[in-house]
Amino acid sequence: MSTTLPPTTRLPEQAWKSEPISEPDYLRNKRGIMSWVYTLDHKRIGVMYLIGILTAFLMGGVMAILVRTELLSPSRTIMGPDAYNHMFTLHGAIMTFLFIIPSIPAALGNFILPIMLGAKDVAFPRMNLASWYLWVFGAVFLIAAMALNGLDTGWTFYTPYSTTTNSSVISATLGVFILGFSSIFTGINFIATVHIMRPKGMTWFRMPLFLWSLYSTAIIQVLATPVLGITLLLLIAERALGIGFFDPKLGGDPVLYQHFFWFYSHPAVYIMILPAMGVISELISTFSRTPIFGYRFMCYSAIAIAFLGFLVWGHHMFTSESAMAAVIFSALTFSVSIPSGIKVFNWLATLYKGSISLTTPMCFALSFILLFTIGGLTGLFLGALATDIHLHDTYFVVAHFHYVMMGGSLMAFIGGMFYWWPKLFGKMYSEFWGRISCLIIFIGFNWTFFPQFILGSRGMPRRFYDYKPEYQGLHVISTSGAFFLGIGLILCAAVFLHSLWRGRRAPANPWGAATLEWQTASPPPLHNFVDDPVVTDPYDMADFELQRDTGDYVRRPYTPSQSDGTETQS
Amino acid sequence: MIAEAQLSQGPAPHADETFRAHHFETAEQQFAAAKLGMWLFLVTEVLFFSGLFVAYAVFRVLHPEVFVNSAALLDTKLGAINTVILLFSSLTMAWAVRCSQLGQQRGLVLCLSLTIAAAVAFLGVKGIEYAHKWHEGHLWASQYGGPQAGETFDRAGSFFSVYFAMTGLHAVHIIAGIAAIGWLLKRSLRGDFSPAYYTPVDVVGLYWHLVDLVWIFLFPLLYLVG
Amino acid sequence: MAVSSAQTNGQSRRAHEPHVSSPAQLIGIFAALLALTGVTVAAAEFPFGDLDVYVALAIAGVKAFLVAAYFMHLKYDHPLNAVLLVFSIVLVVLFLGVTLSDTTQLAPEVQAAAEASAASP
């Protein structure tokens with residue numbers, strides 16, 4: 001039997017149209033709630049993660065709308081100052097720990113990584129399921145803080161305030177501690193899977209860039225998250241027992257807490273953005289129908305970002321660390337822009353002379369490039385010591401990280417959702433409404449956050465409940481943008497839900513991509529592939545041809561001399 | 001070598017397919033995955049403890065005299081005994097791996113039992129030390145000097161905060177290790193392990209040695225140089 | 001052990017030969033560890049001054065190396081596992097070194113601020 005040909009090429013054209021489904025897909029393979037509760041299938045765990053993080057996103061989003069509504073006018077609009085503090089803290093904590101960090105790796109990555117790799121599952125399926133349950137427990141503890149005494153420390157839990165406030169810091173930090181283990185489990189799983197489970201032919205440099213980015217992310221998850229774990233454990237011990245590591249009254253050092261926290265949380269920023277970069281690489285390449293430009297540089301830059309991410313945590317502490325450390329960290333911070341710049345350059349170079357189709361995922365990918373670039377460039381203002389003294393803790397910072405986290409990670413996440421949606425659930429969605437939602441989100445996003453750059457450079461401090469009347473105009477613009485953005489996200493959700501009920505059946509390869517997940521059925525069978533997939537260049541899309549009647553891309557037949565000689569396609 | 005001669009006569013390593021999960025192509029691949037997974041976990045453990053070492057270093061460098069004086073309050077003899085106990089348990093654990101590789105069923109059970117016994121003895125000595133500290137009021141920062149000490153602030157509390165955080169976290173790892181080795185013991189009594197399948201013994205052994213490694217650093221840093 | 005190459009080579013390689021530690025090796029390493037424990041206790045009695053901690057760390061480092069290389073089989077294992085351990089230690093050193101240097105740099109300022117706030121009523 002030939003191993004150089006994919007199964008589809010050996011079928012005559014009439015045969016594959018009525019191709020019998022030899023195996024039920026992963027959703028219909030087993031039924032009943034228990035088949036989900038105990039599932040070890042990475043695809044189902046990915047779907048469960050997806051449901052979890054989208055719920056968290058909804059909660060965090062509602063809080064964001066409430067925070068913005070409160071800021072419509074100085075002093076009280078809809079809530080008091082304490083409620084406001086709780087609201088923005090939980091918005092930050094939920095969005096960071098429950099949504100962005102697990103969004104692409106744990107939800108999309110869990111589903112896609114083994115299939116893209118050509119494996120049957122991740123290396124440790126039980127641990128994978130455990131990571132989801134840990135996520136749920138962590139979420140319960142974090143959200144329980146809201147029901148108990150609330151949480152008003154900001155998502156960073158800075159001491160000494162977090163050791164003296166009477167809000168539910170212990171419940172929240174315990175939740176985040178547990179979420180950290182969930183993230184570590186995912187990371188260990190991904191590294192082991194990439195090292196051990198690669199099938200025949202899948203060499204390191206045949207791995208799609210999404211896998212490279214998930215691999216780099218996993219390295220950070222494994223190396224950085226434990227430090228968050230010990231930090232939060234010490235914070236809990238500080239509050240519960242008075243262990244005094246961070247409390248000056250007991251001989252402790254609050255700046256030490258900041259070192260501990262940012263040694264994790266700066267690399268965590270790359271846990272949030274690296275997977276997004278991987279998604280964008282796939283999207284840009286597929287919808288330009290061009291191999292990605294500078295593939296190897298993309299691989300190396302992902303790894304470089306992961307490592308440089310460990311060297312720059314002190315730039316969150318410019319106003320609390322020593323002058324020498326601030327100078328060193330400022331210089332190192334600029335170095336991160338090199339691999340990031342390589343990536344943006346390579347995406348643009350891929351677009352150049354590509355055959356671009358503006359599908360919904362591509363619209364999100366292009367939005368990503370623009371917003372991420374704005375977010376990245378404004379980061380330079382904050383990385384430079386002199387300007388940072390002025391911009392520190394203002395809305396400029398808020399706008400900057402929303403451009404990177406939301407304009408970057410969220411855009412890539414939604415783009416990736418649209419891209420892999422047919423594979424996840426076997427349904428196509430409405431391209432028209434998908435594009436409209438992207439347009440509304442893009443406009444709404446800039447409408448909300450661009451004014452915040454101006455607010456910040458004029459001196460509006462972040463996290464403040466009250467403000468001087470001269471800031472009100474820009475706050476009103478920003479809040480109205482937030483409502484518009486909310487409409488876009490609701491429309492986006494509607495497009496997905498409509499697709500689930502009414503969507504057209506998705507073919508195996510609706511986009512003509514060459515990565516392995518498109519070589520199996522949509523949705524995939526339980527063990528991902530009926531026949532072992534054939535590993536080729538992940539971006540060599542030239543051989544795929546659109547079948548007009550089904551919307552499926554099928555690999556163009558090989559010349560008879562290359563085939564196994566039994567049959568050829570007409 | 002006797003060991004190699006025995007090995008070449010027995011079944012091939014990782015030849016037992018009984019415990020192979022469906023998504024691995026071979027039991028050998030599963031072994032490699034388990035081992036890499038455990039090493040990755042050990043990396044997270046190293047970084048988990050790193051926070052405490054950083055705190056130790058910072059407090060020590062800022063207040064060296066406090067550390068020197070407070071460390072003198074610890075019982076070096078008990079610390080040294082515990083070091084020997086833990087090194088011994090590492091030896092028996094390493095020997096347990098050897099037994100499982102060679103299919104020496106009784107030796108495996110004996111080595112695992114000895115390891116658990118040593119771990120329990122370690123906790124016992126630790127308990128004596130803790131009780132003594134409690135009695136003397138040598139507690140962590142907010143409790144230093146005991147409840148009757150009132151509001152007086154003593155920097156020695158910083159040392160004992162570090163001491164209790166480090167040894168406490170380490171003790172939690174010992175307890176987890178006892179549970180894991182107990183699980184191995186149960187399985188080895190059932191006869192699960194053989195030269196063809198000994199992955200769990202190997203990876204739990206790695207964990208146990210790491211717990212020992214951490215103590216190798218804790219002992220001099222806390223008891224000796226203070 | 002072939003961690004990554006076994007699969008990429010795509011050959012069902014012969015099951016690897018695990019390293020079995022001989023009794024002599026195990027006992028020898030254990031004896032060395034005990035001896036080093038004795039040395040470190042004895043060295044603590046000897047006043048090295050500021051070097052105390054470095055001497056203790058050096059001896060602990062040797063002990064750790066013995067445990068990692070022989071008891072944990074790293075010497076005979078796939079190099080990736082050793083790389084992981086070394087890399088984690090490098091990261092700990094980075095974390096420790098930077099935090100420590102920043103804290104010591106900042107200490108005089110903190111001291112001055114504390115004295116100033118104590119002086120003013």
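Residues numbered from 1 in each chain as written. Chains lettered and ligands numbered in written order. Predicted model: local features only at pLDDT ≥ 70, side-chain atom pairs only at ≥ 80, totals over all residues. Heavy atoms only, no water.

> Got a sec to walk through a nonpolar patch on the surface? Specific residues and values, please.
A surface patch of nonpolar side chains, about 330 Å² in accessible area, is lined by A:L58, A:V62, A:L66 and A:I78. Checked against the element boundaries, A:L58 lands in helix α3 (residues 42-70). (Patch = residues over 30% accessible without salt bridge, like charges linked within 9 Å, V, L, I, M, F, W, Y side chains within 5 Å. Areas by Shrake-Rupley, 256 points an atom, 1.4 Å probe, with all protein chains shown as cover. Salt bridge = Lys/Arg side-chain N within 4 Å of Asp/Glu carboxyl O. Helix = DSSP H or I, 4+ residues; strand = E, 2+ residues; numbered from the N terminus.)

> Tell me about the nonpolar core, and please be specific about residues and values.
Formed by 295 residues in total, the largest nonpolar core has its most connected members in A:F97, A:F245, A:W347, A:F368, A:F413 and A:W420. When residues of this core are sorted by domain, at least three fall in each of domain 1 (22-77) and domain 2 (78-114) of chain C. Residues contacting A:F245, with those up to four places away along its chain left out, are A:L234, A:E238, A:G252, A:D253, A:L256, B:L52, B:A55, B:F59, B:S161, B:V162 and B:A165. (Core = buried A, V, L, I, M, F, W, Y, C linked by side-chain atoms within 4.5 Å. Buried < 20%, exposed > 50% of the residue type's maximum accessible area, 1.4 Å probe, protein only. Domains from an automatic or database assignment. Contact = heavy atoms within 4.5 Å.)

> Describe the interface of chain C and chain B, and please don't skip the residues or the numbers.
Contact with chain C, which involves 50 residues of that partner, is made by 53 residues of chain B. Of the roughly 4,600 Å² buried between chain C and chain B on both sides combined, carbon and sulfur atoms contribute 82%. Summed over the shared surface of chain C and chain B, the result is one salt bridge. The closest approach of N and O atoms between C:D77 and B:K35, which form a salt bridge, is 3.6 Å. (Buried area = accessible area lost by both parts, 1.4 Å probe.)

> An account of the interface of chain B and chain A is requested, with residue identities and associated values reported.
Facing 33 residues of chain B, the contacting portion of chain A comprises 34 residues. Across the interface of chain B and chain A, roughly 2,800 Å² is buried in total on both sides, 79% from carbon and sulfur atoms. Across the chain B-chain A interface, the total number found is zero salt bridges. In this assembly, chain B and chain A are joined by seven residue pairs in polar contact (both at pLDDT 80 or more). Residue assignment for the side of chain B that touches chain A shows that the elements contributing at least two residues are α2 (27-62) and α6 (156-190) of chain B. Taken together, the residues that form the side of chain B that touches chain A break down as 21 nonpolar, eleven polar and one charged. (Polar contact = N/O pair within 3.5 Å; in protein donor to acceptor, adjacent residues only side chain to side chain. Nonpolar A, V, L, I, M, F, W, Y, C, P; charged D, E, K, R; others polar.)

> If you had to explain the confidence of the model for chain A to someone new, which residues and values would you point to?
All names here are of chain A. When pLDDT is averaged along chain A, the result is 91; 94% of the residues meet or exceed 70. Here residues 1-20 is a poorly scored stretch, pLDDT under 50, and it has 36 contacts once near neighbours within four places are set aside; other chains count. Segment residues 561-570: pLDDT under 50, and 16 contacts once partners within four positions in sequence are set aside and those in other chains are kept. (pLDDT = per-residue confidence, 0-100.)

> Which residues make up the packing of α3(A) against helix α16 (residues 472-502) of chain A, and what are the values?
All names here are of chain A. Running from N to C, α3 and α16 cross one another at 155 degrees; their axes reach a closest spacing of 9 Å. For the element pair α3 / α16, the angle class is roughly antiparallel. When the axes of α3 and α16 are compared, the crossing they make is left-handed. Two secondary-structure elements touch here, α3 through F57, I65, R68 and T69 and α16 through H475, S478, T479, A482, F483 and L489. The class makeup of the residues in the contact of α3 with α16 is five nonpolar, four polar and one charged. (Axes fitted to C-alpha atoms, helices over the stretch in contact; angles between N-to-C directions. Parallel < 35°, antiparallel > 145°, perpendicular 65-115°, else oblique. Left-handed = near helix turned anticlockwise from the far one by under 90°.)

> Outline helix α7 (residues 169-196) of chain A, supporting the account with residue identities and numerical values.
Here α7(A) contains 28 residues, and its C-alpha end-to-end distance of 40 Å stays within 8% of the 40 Å for a straight helix at 1.5 Å per residue. The buried fraction of α7(A) is high, at 25 of 28 residues. (Expected span 1.5 Å × (residues − 1).)

> Which residues make up the pairing of strand β2 (residues 552-555) of chain A, and what values do they have?
Side chains A:D552 and A:V554 of β2(A) all project onto a buried face; the interleaved residues A:Y553 and A:R555 project onto the opposite face, where all are buried too. If you look at the hairpin formed by strand β1 (residues 544-547) of chain A and β2(A), you'll find four residues sitting between the two strands, and A:G551 has a positive phi there, around 75 degrees. (Pairing = 2+ DSSP bridges.)

> Tell me what's going on with the pairing of β1(A), and back it up with residues and numbers.
Relative to β2(A), β1(A) runs antiparallel, the two sharing four bridges. Bridging from a neighbouring strand, A:Q547 pairs with A:D552 of β2(A).

> Just give me the short version of the confidence of the model for chain B, but keep the residues and values in it.
Residue and element names in this part refer to chain B. Confidence in the prediction for chain B averages 89 pLDDT; 91% of positions are at 70 or higher. Ranking the helices and strands of chain B by mean pLDDT puts helix α4 (residues 76-102) first, with 96, and helix α1 (residues 2-9) last, with 46. Confidence drops under pLDDT 50 across residues 1-8; counting only partners more than four residues distant or on other chains, this segment forms ten contacts.

> So what about the packing of aromatic side chains? Which residues, and what values?
Geometry of an aromatic ring pair is reported as the spacing of the ring centres plus the angle between the planes. The full count for this structure, using the stated rule, is 72 aromatic pairs over all chains. A ring pair is formed by A:F307 and C:F87, whose centres lie 5.2 Å apart and whose planes are at 70 degrees; its orientation type is edge-to-face. Of the two residues, A:F307 is situated in helix α10 (residues 295-308) and C:F87 in helix α4 (residues 79-119); the pairing between them involves two chains. Residue class for A:F307 comes out partly exposed when judged on its relative accessible area of 32%. Judged by its relative accessible area of 28%, C:F87 falls in the partly exposed class. With a centroid separation of 4.9 Å and 65 degrees between ring planes, the pair formed by A:Y419 and A:W420 is classed as edge-to-face. Each member of the pair, A:Y419 as well as A:W420, carries the same accessibility label: buried. The ring of A:F205 carries A:R296 above its face, with NZ or CZ at 3.6 Å from the centroid. (Phe/Tyr/Trp six-rings, centres within 6.5 Å; stacked < 30°, edge-to-face > 60°. Lys NZ or Arg CZ within 6 Å of the ring centre and 35° of its normal.)

> I'd like a rundown of the packing of α4(B) against helix α7 (residues 199-225) of chain B, residues and numbers included.
Residue and element names in this part refer to chain B. The interhelical angle for the contact between α4 and α7, taken along N-to-C directions, is 165 degrees, at an axis separation of 10 Å. The pairing of α4 with α7 is recorded here as roughly antiparallel in orientation. Where α4 crosses over α7, the handedness of that crossing is left-handed.

> How would you explain the side chain of B:S50 if you had to name every residue and give the values?
Relative to the helices and strands, B:S50 is located in helix α2. Sequence-distant contacts of B:S50, that is, excluding residues within four places in its chain, are made with A:V227, C:V92 and C:F95.

> I'd like to hear about the side chain of A:S182, residue by residue, with values.
Along the polypeptide, A:S182 turns up in helix α7. Setting aside residues up to four positions removed in sequence, A:S182 forms contacts with A:Y49, A:S131, A:L134 and A:W135.

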